[in-house]
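Coordinate inspection notes
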Amino acid sequence: MSEPNTEAYSASKAGLLGLTHALSQSLAGKVRVNAILPGWIDTTGGEGVKAEDHAFHPAQRVGNPEDVVEMCVFLAGPQAGFITGQEFVVDGGVTKKMIYPQ
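Residues numbered from 1 in each chain as written. Predicted model: local features only at pLDDT ≥ 70, side-chain atom pairs only at ≥ 80, totals over all residues. Heavy atoms only, no water.

1. Regarding the side chain of Thr20
Along the chain, Thr20 turns up in helix α1 (residues 7–26). Discounting chain neighbours no more than four positions away, the residues touching Thr20 are Val33, Asn34, Ala35, Gly85 and Gln86. (Helix = DSSP H or I, 4+ residues; strand = E, 2+ residues; numbered from the N terminus. Contact = heavy atoms within 4.5 Å.)

Right under this line is the structure:
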């Protein structure tokens, strides 16, 4: 997903994803390499987050740091031993949402 005037951000994100894929192959057998792509993660404890902000997300809430931590813990654990070179979007479903102008 891109917005106007975000070329530098978009290019750097694509570069990091490419690096994730390449490192997963270069470091195969030594370490697993995956990327976590967080969406809107509220680090303020809810300060300034409105009901409509939560409603915008298919998960019906804005994310919190623990959502990202849980993905990190899962990927670092033995239950993810067969997962490498992947991208995990933690955004409450927003990037799958079809957004049309009102």
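2. Side note on the pairing of strand β2 (residues 87–90)
By the alternation rule, side chains of β2 split into Phe88 and Val90, which are all buried, and Glu87 and Val89, of which none is buried. Across 4 bridges, strand β1 (residues 35–38) lies against β2 in parallel orientation. Bridge pairing in β2 links Leu37 to Val89. (Buried < 20%, exposed > 50% of the residue type's maximum accessible area, 1.4 Å probe, protein only. Pairing = 2+ DSSP bridges.)

3. A short note on the pattern of salt bridges
It is possible for side chains of opposite charge to pair when their charged atoms get near one another. For the structure on display, the rule yields 1 salt bridge. Across the salt bridge formed by Asp67 and Arg61, the nearest N and O atoms sit 2.9 Å from each other. Overall, Asp67 belongs to the partly exposed group, its relative accessible area being 21%. Since its relative accessible area comes to 36%, Arg61 is described here as partly exposed. (Salt bridge = Lys/Arg side-chain N within 4 Å of Asp/Glu carboxyl O.)

None of this, on its own, says anything about what the molecule does.
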